[in-house]
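Architecture and fold: a report
In case you want the letters, here they are:
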Amino acid sequence: MVAHHGSLTRHVEAVWQAVAPELPGFTVELLSSVDSTNSELMRRARAGQQEPVLLVAEVQTAGRGRLGKGWHSQAGKSLTFSLALPLTPSSWSGLSLAVGVSLAESLHPDVMLKWPNDLWLHQRKLGGILVETASQGEGPDRPRSVVIGVGINIARPDAAAVLALTSPDSATPMAPAGLSEVCVGQTAGETLEQVVPALVRDILQFQAEGFGVFASRFAARDALLQQRVTLSDGSWGLADGVDVTGALRVKTDAGWRAVSSAEVSVRPC
């Protein structure tokens, strides 16, 4: 079933046709505008909805990134969608990295991953991933609805839009990238068709086999490998891949450290 409104109709129908055989009950919805696709699907999940659904928005008015950061969205110039489905993996560790690997491989050979959840193109941010979960009932074996939000710049955002999402006390951000730099003429709808079917397959593989099967694929796209990074507590070291749980390995003066939640940033050369 496809519910639609807007210019992306043909593309969301193609996505539904590709994914529905693998996800019984799968639906796709296309909205001209929403506050946040993740917020909308989290509201539904908390209300008890468990059926798998892809929600695509031409415009987000209050898009969210990691750590409460905003995400700029303009019709035709960006692709914003969220995918909700019930999952019962043996471990949730590394899910956002598996999602990132899938997206990067589908987008372009030059797209890399900046741990933990940024898509990078030529050392600039191309997109972001936000993973949230909501419990369905009580007990360890009950499925949890996972909501995976994705935002990808199709056109390169202008400086004014970037600065509007930057807090006054933060440093001036590096200019973001747009997929149009390497995929000239490719539309948001074409990009949606390109990434979602593979993303669903990879999420189902993650549920069955965990992050381990994605480790080598992540290593091939690791933008931070052997880069000097700073952690949110002010310490620094050299990034050296991830461990079996998806935690970032950082070599510091005090020894190896596994970072599972602290945000990292590449220190400019």
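Residues numbered from 1 in each chain as written. Predicted model: local features only at pLDDT ≥ 70, side-chain atom pairs only at ≥ 80, totals over all residues. Heavy atoms only, no water.

Axis separation between helix H3 (residues 95-107) and helix H5 (residues 188-209) bottoms out at 9 Å; the angle between their running directions is 145°. In this structure, H3 meets H5 at a crossing whose hand is right-handed. Facing Leu95, Ala98, Val99, Ser102, Leu103, Ser106 and Leu107 of H3, the residues of H5 in contact are Thr191, Gln194, Val195, Ala198, Leu199, Asp202, Ile203 and Phe206. A per-class count over the contact of H3 with H5 returns 10 nonpolar, four polar and one charged. (Axes fitted to C-alpha atoms, helices over the stretch in contact; angles between N-to-C directions. Helix = DSSP H or I, 4+ residues; strand = E, 2+ residues; numbered from the N terminus. Left-handed = near helix turned anticlockwise from the far one by under 90°. Contact = heavy atoms within 4.5 Å. Nonpolar A, V, L, I, M, F, W, Y, C, P; charged D, E, K, R; others polar.)

Before going further, it helps to examine H5. Helical geometry note: an α-helix holds 3.6 residues per turn, so side chains three or four residues apart project in the same direction. With 22 residues, H5 extends 31 Å between its outermost C-alpha atoms, agreeing within 8% with the 32 Å of an ideal straight helix rising 1.5 Å per residue. Phi for Gly210, located one or two positions after H5, is positive at around 80°. (Expected span 1.5 Å × (residues − 1).)

Two measures describe an aromatic ring pair: the distance that separates the ring centres and the angle between the ring planes. What the rule picks out here adds up to one aromatic pair. For the pair Phe206 and Phe214, a centre-to-centre distance of 6.5 Å together with 45° between the ring planes defines the contact as tilted. The burial state of Phe206 is the same as that of Phe214; both residues are buried. Here the guanidinium or amino end of Arg144 rests over the ring plane of Trp92, the centre of that ring lying 4.8 Å away. If you follow Arg228 out to its NZ or CZ, it ends over the ring of Trp236, 3.8 Å from the centre. (Phe/Tyr/Trp six-rings, centres within 6.5 Å; stacked < 30°, edge-to-face > 60°. Buried < 20%, exposed > 50% of the residue type's maximum accessible area, 1.4 Å probe, protein only. Lys NZ or Arg CZ within 6 Å of the ring centre and 35° of its normal.)

Every buried residue of helix H1 (residues 9-19) is listed here: Thr9, His11, Val12, Val15 and Val19. Here the buried residues of H1 occupy an arc of 165° about the axis, which is enough to place them on one side. Set apart from the buried face of H1 by more than 90 degrees, the exposed residues are Arg10 and Gln17. (Arc of directions from axis to C-beta.)

Ranked by internal contacts, the top residues of the largest apolar core, which has 58 residues, are Leu54 and Phe81. Once you skip the residues sitting within four places of it in the chain, Leu54 turns out to touch Val15, Phe26, Thr27, Val28, Glu29, Phe81, Ser82, Leu83, Leu192 and Val196. By size, the runner-up hydrophobic cluster in this structure holds eight residues, among which are Met42, Leu55, Ala84 and Val147. (Core = buried A, V, L, I, M, F, W, Y, C linked by side-chain atoms within 4.5 Å.)

What follows concerns the pattern of salt bridges. Scanning the model with the defined rule gives 10 salt bridges in all. Note that Arg44 is salt-bridged to Glu29, the shortest N-O span being 2.8 Å. Taken together, the residues Arg44 in helix H2 (residues 37-46) and Glu29 in strand S2 (residues 27-31) connect sequence positions 15 residues apart. The burial state of Arg44 is the same as that of Glu29; both residues are buried. When salt bridges that share partners are traced, they join Glu29, Asp35, Glu40, Arg43 and Arg44 into one network. (Salt bridge = Lys/Arg side-chain N within 4 Å of Asp/Glu carboxyl O.)

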